[in-house]
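Chain residues, written in single-letter form:
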Amino acid sequence: MDKIEVAPIVKWVGGKRQLIKDIKPLIPESIETYYEPFVGGGAVLFEIQPNVAIINDYNHELINTYNVIKDNVHGLIDDLKSHVYDKEYFYKIRALDREPGYDKLSAIKRASRLLYLNKTCFNGLYRVNSKGQFNSPFGSYTNPNIVNEEGLMAVSRYFNENIIVAKTGDFEAAVKDADSGDFVYFDPPYDPVSKSANFTAYSKIGFSREDQIRLRDLCVALEKKGVKFLLSNASTDFINEIYKGFNITEVGASRAINSNGAKRQKVKEVLVSNY
C-alpha cells in the first residue's frame, strides 16, 4: 500500500521533525511490529508509517486525542469548528481541567480542547503543572490553524488502514510483548544539559535519572530478546556513560527551548542503537 501524506498534528516538546534526516537511515528495513513508548507528536511514526505499531505516551490526554482521531475524526473536526481565537475564550477553555466534572467531558471534547490549546497557546507547546493542569499562556498569532481538517483526516486514514494500537502508561509496560523481529524507537524526556534546562513538563510525572537508568536496563533486556532499538537523548556525560557499549552517534538539532528565538542554538543529541 502506498504511503499517504501524513504529518504530526500537535507540536510537542522534543518533536523529532528536525532529526528525521538522521533517524530515518537508521530504521531497520524489515519490522514486524513497531513500538514507540514515548510517541509525543509522532514525527518518526508518521514518517516511516509502519503497518503494525503499538504507540504509547504517559500523557493520557494525548493518547485520547489519537484514539478520537482514529475512531471519530468527523466528530472531532465538527467540535474544533466551534472554537474561537480569543484570549478570554482561551483561558476559559484552559481552565476546564481545574474545574469539577472535567473527567466527565466526552473524549471528543477533551481531544478538541487539547488541539485548540496546542494551536493557540504561547509557542504552541503542551505543558502542564505538577497537578497535571495545562498552564501554557495565550499566544499571539495572526491566523492559527485551529481546524487542520486535511491533516486530521490523513492521520485518521493512516490509523485505520493499518494496525495501530495507542496506549497510555509506563514505557516498560508498552514494550512488554516486543520480541525478535520487532523494533522499538525510544524518545524519552531528555536528560537536562543544565539545571535550568529540564523541559519535560508534558505530563505531571517527571522523568528522573533513575528513570533514565531504568530505560537503559530495559534496552539491555530488549537486546537479550533479539529486539532492535533506537534511542534519542541529549548528549550529556551521563547518557554517554550509561549507554557505553551500544552504538552512539552524535547529531545536532535546533531546539525551541528558549522563548527568545535569537537565543536558540544547536543542542547536541545522541542516537543510540544495538545494531
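Residue positions are given per chain, counting from 1 as you read along its sequence in written order. Where local features are concerned, this predicted model is filtered to residues with pLDDT of at least 70; where side-chain atom pairs are given and counted, the filter is 80 or more; whole-chain, interface and lining totals use all residues. For side-chain calculations, the full set of non-hydrogen atoms in the structure is used, while hydrogens and water are omitted.

S.K.: What exactly am I supposed to notice about helix α6 (residues 149–161) here?
M.R.: The periodicity of an α-helix, 3.6 residues per turn, causes residues three or four positions apart to be oriented the same way. In DSSP terms, a helix is any run of H or I states spanning at least four residues, a strand is any run of E spanning at least two, and both are numbered starting from the N terminus. The span you would expect from a helix comes to 1.5 Å times its residue count less one. For α6, with 13 residues, the first-to-last C-alpha span of 18 Å sits near the 18 Å given by 1.5 Å per residue. Of all the residues in α6, the buried ones are G151, L152, A154, V155, S156, Y158 and F159. Buried residues are those whose accessible area, probed at 1.4 Å on protein chains only, stays under 20% of the maximum for their type, while exposed residues exceed 50% and partly exposed ones sit between those limits.

S.K.: What should I look at first to understand helix α4 (residues 87–94) in this one?
M.R.: Among the residues of α4, those classed as buried are Y89, F90, I93 and R94. Seen from one end, α4 has its buried residues packed into an arc of 135°, which puts them on one side. Set apart from the buried face of α4 by more than 90 degrees, the exposed residues are E88 and K92. Between two residues, a contact is recorded if the distance between any of their heavy atoms is within 4.5 Å. Residues of α4 that are buried make contact with α5 (107–120). The arc in question is the one spanned by the directions pointing from the helix axis to the C-beta atoms.

S.K.: Looking at this model, I keep getting lost on the packing of aromatic side chains. Mind explaining?
M.R.: Stacked, edge-to-face and tilted labels apply to pairs of Phe, Tyr and Trp rings (six-membered ring for Trp) whose centres lie within 6.5 Å, assigned for plane angles under 30 degrees, over 60, and everything in between, in that order. With the rule as written, the count across this model stands at 20 aromatic pairs. With a centroid separation of 5.4 Å and an interplanar angle of 35°, the aromatic rings of F38 and F171 are classed as tilted. Linking F38 in the loop between β1 (34–36) and α2 (43–48) with F171 in helix α7 (residues 171–174), this pair joins segments that are 133 residues apart in sequence. Here the two residues F38 and F171 agree in accessibility, since each one is buried. Connected via pairs of aromatic rings, a cluster forms that spans F38, F171, F186, F207, F229, Y243 and F246. Positioned above the aromatic ring of F238 is the side chain of R209, whose terminal nitrogen or guanidinium carbon lies 4.2 Å from the ring centre. Criterion for a charge above a ring: Arg CZ or Lys NZ at most 6 Å from the ring centre, at most 35 degrees from the ring normal.

S.K.: What's the story with the nonpolar core in this structure? I'm lost.
M.R.: Note on soluble globular proteins: their nonpolar side chains tend to be buried together. Ranked by internal contacts, the top residues of the largest apolar core, which has 53 residues, are L45, Y66, I69, L152 and F159. Here the element with the most residues in this core is helix α3 (residues 60–80); it accounts for nine residues. Every residue in contact with Y66, bar those within four places of it in the chain, is listed here: I9, V10, V39, G40, G41, G42, F46, I55 and F159. Membership of the second largest hydrophobic core comes to 24 residues, among which are F186, L231, F238 and I239. We call a set of buried residues a nonpolar core when its members are Ala, Val, Leu, Ile, Met, Phe, Trp, Tyr or Cys and they connect through side-chain atoms within 4.5 Å of each other.

S.K.: In this structure, what is going on with unusual backbone geometry? I would like to understand it.
M.R.: Leaving glycine out, the prevailing phi sign among residues is negative, and the prevailing peptide bond configuration is trans. Backbone geometry at Q49 places phi at a positive 45°, although glycine is not the residue there. Note that Q49 resides in the loop between α2 and β2 (52–56). One non-glycine residue with positive phi stands out, namely N123, at about 65°. Relative to the helices and strands, N123 is located in the loop between α5 and α6.

S.K.: Explain the pairing of strand β4 (residues 183–186) here, please?
M.R.: Look at any regular strand and the pattern is simple: side chains alternate between the two faces of the sheet. Burial of β4 is two-sided: the residues F183 and Y185 facing one way and the residues V184 and F186 facing the other way are all buried. Here β1 runs beside β4; their pairing, made up of two bridges, is parallel. Residue pairing for β4: Y35 is matched across the bridge by V184. Two strands are counted as paired when DSSP detects at least two bridges linking them. Two elements, β4 and strand β5 (residues 228–234), share four bridges in a ladder whose sense is parallel. Note that in β5 the partner of Y185 across the bridge is L230.

S.K.: Would you explain the pattern of salt bridges in this entry?
M.R.: In a structure, side chains of opposite charge can pair up when their charged atoms sit close to one another. By convention in these notes, a salt bridge is any Lys or Arg side-chain nitrogen within 4 Å of a carboxyl oxygen on Asp or Glu. Using the criterion set out here, one finds 17 salt bridges in the structure. For D177, the salt bridge goes to K176, with nearest N and O atoms at 3.4 Å. Like K176, D177 is exposed. Look at the salt bridges and you will find they share partners, linking D170, E172, D211 and R214 into a network.

S.K.: Mind showing me how you'd approach the packing of α3 against α6 here?
M.R.: Pairs of packed helices are described in terms of their axes, by the angle between the two and the distance that separates them. Whenever a helix is involved, its axis is fitted only over the stretch in contact; in every case the axis is a line through C-alpha atoms, and angles between N-to-C directions fall within 0 to 180 degrees. As a packed pair, α3 and α6 sit with axes 8 Å apart at the nearest point and diverge in direction by 155°. One finds that α3 runs roughly antiparallel with respect to α6. You can see that α3 and α6 cross each other, and the crossing is left-handed. Only E149, L152, M153, V155, S156, F159 and N160 of α6 make contact with α3, whose side of the interface consists of Y66, I69, K70, V73, H74, L76, I77 and L80. Residues that form the contact of α3 with α6 fall into these classes: 10 nonpolar, three polar and two charged. Any angle between 65 and 115 degrees counts as roughly perpendicular, while under 35 counts as roughly parallel, over 145 as roughly antiparallel, and the rest as oblique. Note: crossing handedness is left-handed where the near helix turns anticlockwise from the far helix by less than a right angle, and right-handed where it turns clockwise. Residues are grouped as follows: Ala, Val, Leu, Ile, Met, Phe, Trp, Tyr, Cys and Pro are nonpolar; Asp, Glu, Lys and Arg are charged; every other residue, Gly included, is polar.

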